[in-house]
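Examination of the molecular architecture
Chain by chain, the residues run as shown.
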Amino acid sequence: MPYSLASPKVSYLPARPRSQWPVGIDLRFHPDAEVKAGYEWLRSTPLRVMSQLRLIEARNGSSWRQQVLALSCGRIGWARPDQLDLPLDGDGWQSLG
């Protein structure tokens, strides 16, 4: 199909969040985090932030996320900053570095 200037595709670009979690910090998933079906077990589990904010393209649009390592299972994934929370008291507020 030839390229046409008559119907350009317009996409929504979400605003970048005002803040992000520092790379290397140990946190946990927020107990009330909105997660995809099947990932509810991740709520309140420990994680380590592995990257700065990045704009990630998904089937349902774009969103700003940080790469995280779920310490409970060793899996790497992407999370929105609002899905993350400080660790519970006694978990040890740690960072790499």
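Whatever comes next refers back to the structure up there.
In this report, the structure presented in the accompanying data block is examined.

A word on the nonpolar core
Counting ten residues, the largest nonpolar core consists of Ile 25, Leu 27, Phe 29, Leu 42, Leu 47, Val 49, Val 68, Ala 70, Ala 79 and Leu 84. Setting aside its immediate chain neighbours within four residues, Val 68 contacts Phe 29, Leu 47, Arg 48, Val 49, Met 50, Arg 75, Ile 76, Gly 77, Ala 79 and Leu 84.

Regarding the packing of aromatic side chains
Scanning the model with the defined rule gives zero aromatic pairs in all. The residue whose ring lies beneath Arg 16 is Trp 64, and the NZ or CZ to ring-centre distance is 5.0 Å.

Some details on the pairing of strand E2 (residues 46-49)
The two faces of a sheet get side chains in turn, since along a regular strand they alternate between them. Burial along E2 is one-sided: Leu 47 and Val 49 are buried, and none of Pro 46 and Arg 48, which face the opposite way, are. Bridge count for strand E1 (residues 26-29) against E2 is three bridges, and the pairing is antiparallel. Paired with Leu 27 across the strands is Leu 47, a residue of E2.

Basis of the calculations
- Residues numbered from 1 in each chain as written.
- Predicted model: local features only at pLDDT ≥ 70, side-chain atom pairs only at ≥ 80, totals over all residues.
- Heavy atoms only, no water.
- Core = buried A, V, L, I, M, F, W, Y, C linked by side-chain atoms within 4.5 Å.
- Buried < 20%, exposed > 50% of the residue type's maximum accessible area, 1.4 Å probe, protein only.
- Contact = heavy atoms within 4.5 Å.
- Phe/Tyr/Trp six-rings, centres within 6.5 Å; stacked < 30°, edge-to-face > 60°.
- Lys NZ or Arg CZ within 6 Å of the ring centre and 35° of its normal.
- Helix = DSSP H or I, 4+ residues; strand = E, 2+ residues; numbered from the N terminus.
- Pairing = 2+ DSSP bridges.

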